[in-house]
Each structure stands twice: as structure tokens, then as C-alpha cells.
Protein chains: 2
Amino acid sequence: MTKILYVEDEPALGKIVKESLQSRNYEITMAEDGLAGLRAFESMQPDICILDIMLPKMDGYTLAEEIRKTQPKMPIIFLTAKSQLNDVLKGFKVGGNDYLKKPFSLEELIIRIENLLTLTSGQVSNAQEINFGKFKFLPLRYELKCPDNTFKRLSHKEAGILSLLLKHANSTLERKEILLKLWDDDSYFNSRNLDVYITKLRDYLKADPNVEIITIKGIGYYFSY
Amino acid sequence: MTKILYVEDEPALGKIVKESLQSRNYEITMAEDGLAGLRAFESMQPDICILDIMLPKMDGYTLAEEIRKTQPKMPIIFLTAKSQLNDVLKGFKVGGNDYLKKPFSLEELIIRIENLLTLTSGQVSNAQEINFGKFKFLPLRYELKCPDNTFKRLSHKEAGILSLLLKHANSTLERKEILLKLWDDDSYFNSRNLDVYITKLRDYLKADPNVEIITIKGIGYYFSY
DNA sequence: TGTAAACAAGGTTAATTAAGGTTAATGAGG
DNA sequence: CCTCATTAACCTTAATTAACCTTGTTTACA
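The structure displayed is predicted, hence computed values, not measured ones. (Residues numbered from 1 in each chain as written. Chains lettered and ligands numbered in written order. Predicted model: local features only at pLDDT ≥ 70, side-chain atom pairs only at ≥ 80, totals over all residues. Heavy atoms only, no water.)

**A word on the protein's contact with DNA strand C**
Okay, step 1: Inspection of the region around DNA strand C gives 20 residues, with R192, R202 and T215 of chain A together with R192 and T215 of chain B positioned closest.
Okay, step 2: Contacts to DNA strand C include R175 of chain A, whose side-chain N or O atom sits 3.4 Å from a phosphate oxygen.
Okay, step 3: Taking R192 of chain A, its side chain carries an N or O atom lying 2.5 Å from a base nitrogen of DNA strand C.
Okay, step 4: Sorting the residues of the surface near DNA strand C by element identifies α8 (192-205) of chain A together with α8 (192-205) of chain B as the ones contributing at least two each.
Okay, step 5: Along the lines of polarity and charge, the residues of the surface near DNA strand C split into four nonpolar, six polar and 10 charged. (Near = heavy atom within 4 Å. Polar contact = N/O pair within 3.5 Å; in protein donor to acceptor, adjacent residues only side chain to side chain. Helix = DSSP H or I, 4+ residues; strand = E, 2+ residues; numbered from the N terminus. Nonpolar A, V, L, I, M, F, W, Y, C, P; charged D, E, K, R; others polar.)

Structure, rendered in C-alpha cells:
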């Protein structure tokens, strides 16, 4: 899924835009000032940034410069209420790829996001059922069909983690990605939780020894079957 | 098509909300101050009004009174900043109203629009009959036809919840949405009620084991058949 | 350079907290 | 007094936190 960092200090507008983008299957993280934006950028690794120009603590241009220090090719869309030519020019000088005047149209914003993204990211699996090893997983029903043909009902979190593992089957899935996707937060305060769920899933999956959740210490998990 | 009058003086927010509502097939007319809002109301005959409280020339409160002089039952949703909410509630408790704090969620707004419209038209659902599993639901008659061909008369709330579940069949229905639609309020004080109705519905529906209301803790329900 | 503390990351199990389920009692309105 | 909506009391289960254990990785020093 495409990850978007959106830095906006107007809560009313921000909430609506965030939600509209989410409903189009973007994964969106918000920050309300420049410094928070920079911190969010460092922890989330977005695919694209949408930055308001006038922001508390650090303006959008400066934020863009900071971002470009570590990710020189990061696509950035600037939003501004000021529609003066100077601002536009300054925005492109920093290397911003696009520029949108407020009030802007949501369709315009989405078109610009799509245009800027060179990544053709993988589709979200809305599959009815997924077979793996001797198991079958029904994501919409939160059910796991075991080798002995019994059904195990998974909780919301269990199903979410299993879905992620399956999406990244036979490749590595970062711990951080799971935490961000299921808890919106990858801080350690929030995190032993995940280990508990991994233990549970390993327990559910032990009926087929070829299905394994392999720990890659410091990185995440490798799901193999 | 449902006609909405939306009076909002914040252009950035206004444009986004207008567009989002249009994309959901509402016909929407905007005005940027109270007087323009009143003129628009007189010429367009909307089905519902969404009014910001703080408006130039005439505030939303006064505008609502003017509107009610000619259309006493016109459904009105007020948008207010949090700080003003108490004052507004104090003097104005006429039926057919709703309040939304800024920043608000677009989903919440849409739920409230639909809620107010169905309240004024008194309908649970406009379909004649809905088949699911071994059951048939007659929303207009509040009747459930069971696998054994007996009829069970449902109460208003029971029928409302079943309608919602059916509308979201085989996908998740948020608890919050049910509470907002049927109780106008998603606070916990108001809520064990819903659990009681879910228990009742599960009891009515137990005759077909393929029909299931699956709990997704912290989120809502998944209605599967 | 080998080995052992020290540390960091994760595993496991159990306890706690919070969300929801169930059943019965109460209340409000015809 | 009916019926439906709401509240209350108590029970069950999911999510989280805590405590303690295991294993891999550094680092320090002989």
C-alpha cells in the first residue's frame, strides 16, 4: 500500500483530506507541525509527502530540505494558501515535484499523487480465501481452516498479522511494518504485544511443520511454507 | 437526488466537503455567508441544510431560525467549533437538528445526513424484501421470515440494526456507525444497549448456522451469510 | 584472539484490563 | 398492563502488560 506523509496544521481540513485518502486505500500518517512531520518521516518511510507551507515550528520548505537530505528523490507535493508566484518558485527550487493552491480539489490532489508515484505497489489482497501449506485462511471471516478440517476463529489482530505474513510470504516482513499497520505506532512501549501474537500464531500453525514464522532478529519475520 | 444546502465560509474545507458529498451522489449548493445561504435556500428548496455557526453577515443560528419560519421541519445539521458547542445546545433544542463538532469526520457527516433524512421519512430501508441465508426480511413491515416459514415481528431498533447489517453484509460494519445512526451518539454511557440487541438478533438468526454476526472487538461486526 | 560478561531482541506464560455477551430487572409510553 | 427500550449485574473473551526466560550479538579484557 502507498504510504503518504501529510503535514497539515488545519485540523478541520486535515481530517477530511486524511479520511478521503484513506478511503482510496492510501496509508496515511499525519503530523501537525514541521518538527513532528520530520520525526514522522524518519519513522514511517513514506512513498510520498504532502506538505503544507505555513506550519508551526518548521515551515514546509525547510521540512522538505531536511527530508531531501536523507531521501533526495522523495516526491513532495506542497500545499499553500499563498498563491503568489514567489512561493511557487521557491517550492520548485527546493526540488518539490508539485504544488497545489488552497482551496484545492481532492481529485486534483489524487491525480498529482498518482502522477508522482513511480512505484506500482502491490494490490491489497481482498481474496476470499488463501491457501498455504495444509491451511486455508478466510480473511473476510477471520477463519483458519486447519489440516484436520477444523475451523479456528481468529481475533482481529491475529487475522491482521496473518494477512500481512501471507502478503509477504517467502520474503521478509519488517516488524516495524506490522506495528505501524496494526497499531499505528512502532514505539517499544506498545510492542511486546506483537511477540505474544506471534507466539499464538505459531501455536495455531504448528499442525503443519512446513509452515514456519522465522525470526530475523532486529529486522522482522520470514514466513515460509 | 437528495439536495443539500451547505453554508460554509472556510473555502478550503468547503471545497473538499462539497466535492466529497457530490461524489456520493448528493446534489449540493454552497453559500459562503448567512445572507447568501438564505437566498440559496429560498431558490433551491433543499432536503437538508448543513450550516456552519460562525458565518459572515448572518450566523448559522439566525439563518436556521429564518429557514424554520417557512419550513419548520427542515432537517438541519450545525457545524461548530468545540468551544461554542455548549452555547448552541443551551438555546436550541428543536427536533430535526444535529450537531457536529469541527474537526469532523466525513463519514460521520454522511451518517448524520442519512440518519436525519430517514428520520424525517420514517423508513428503515426502502427495499421491499431482502433474502439472506434461509431468511427473508421485510423492512417496511419489520418482519423476519424464518426458515420454518413463521414470521417474527421485529421492533424498530431490531429492524434498524438488521438493515444496517444487511447493507454491510460480508464486510465490516463499525459499531460507531450503528450507534450514530440509531442513537445519534456513540458514547459508552449510551451503549450496552446495542449489545443487548445483537444478542437478540443472534437468537432470531440461529436457525441458519451459516448466518453469523461475527464480533470484531474494538471495531464492530462482520455479518456473514 | 578467545572467552565471558553485558546487552539487546525476542519468546513464553500468566495476570490484568477492557470490550463485549447474556440474562433479568426496571422504566416509559401506548 | 403490554411492549419495547434501557439499565444493571454478572460472565466471557480479546487485547494488553508484566515478569521472567532464551538466544544472538557486542564489547572488554586476559
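**Some thoughts on the sheet that holds strand β6 (residues 130-132) of chain A**
Residues and elements named next belong to chain A.
Okay, step 1: Read across the open sheet, the four strands follow the order β6-β7-β8-β9; overall the sheet is antiparallel. In the strand order of this sheet, the two ends are held by β6 and β9 (151-153), each with one partner. The average undirected angle you get between the axes of adjacent strands in this sheet is 20 degrees.
Okay, step 2: Examined bridge by bridge, strand β8 (residues 143-145) and β9 share three bridges and lie antiparallel to one another. Following the sheet pairing, E143 is matched in β9 by R153.
Okay, step 3: Here helix α6 (residues 156-167) sits on the sheet and contacts β6, β7 (135-138), β8 and β9; the angle it forms with β7, its principal contact strand, is near 115 degrees. (Pairing = 2+ DSSP bridges. Axes fitted to C-alpha atoms, helices over the stretch in contact; angles between N-to-C directions. Contact = heavy atoms within 4.5 Å.)

**Quick word on the pairing of strand β11 (residues 212-216) of chain B**
Residues and elements named next belong to chain B.
Okay, step 1: As defined by bridge partners, β11 adjoins strand β12 (residues 220-224) across five bridges and the pair is classed as antiparallel. Along β12, the bridge assignment pairs I216 with G220.
Okay, step 2: In sequence, β11 turns back onto β12 through a hairpin of three residues, with G218 there showing a positive phi of about 85 degrees.

**Some details on the protein's contact with DNA strand D**
Okay, step 1: S155 and K217 of chain A together with S155, Y197 and K217 of chain B are the nearest of the 16 residues found near DNA strand D.
Okay, step 2: Among atoms of DNA strand D positioned within 4 Å of the protein, sugar and phosphate together represent 69%.
Okay, step 3: One nitrogen or oxygen atom from the main chain of K157 of chain B is found 3.2 Å from a phosphate oxygen belonging to DNA strand D.
Okay, step 4: Between Y197 of chain B and DNA strand D, the recorded distance is 2.9 Å, taken from a side-chain N or O atom to a phosphate oxygen.
Okay, step 5: Contributing elements (two or more residues each) for the surface near DNA strand D: α6 and α8 of chain A together with α6 (156-167) and α8 of chain B.
Okay, step 6: Residue classes in the surface near DNA strand D are distributed as six nonpolar, six polar and four charged.

**Focus: the pairing of strand β3 (residues 48-52) of chain A**
Residues and elements named next belong to chain A.
Okay, step 1: Counting buried positions along β3 gives five out of five residues, so the element sits mostly inside the fold.
Okay, step 2: In β3, alternate side chains face the same way, and those of I48, I50 and D52 on one face and C49 and L51 on the other are all buried.
Okay, step 3: In terms of strand pairing, strand β1 (residues 3-7) meets β3 through four bridges, oriented parallel. Bridge pairing in β3 links I4 to I48.
Okay, step 4: Examined bridge by bridge, β3 and strand β4 (residues 76-80) share four bridges and lie parallel to one another. (Buried < 20%, exposed > 50% of the residue type's maximum accessible area, 1.4 Å probe, protein only.)

**Things to note about the environment of I50 of chain B**
Residue and element names in this part refer to chain B.
Okay, step 1: Relative to the elements of secondary structure, I50 occurs in strand β3 (residues 48-52).
Okay, step 2: Its relative accessible area of 0% is what places I50 among the buried residues.
Okay, step 3: I50 sits 44 residues away from Y6 along the chain, and the two C-alpha atoms are 4.7 Å apart.
Okay, step 4: Ignoring any residue separated from it by four or fewer positions in sequence, one finds I50 in contact with I4, L5, Y6, V7, L21, I77, L79, L109 and I113.

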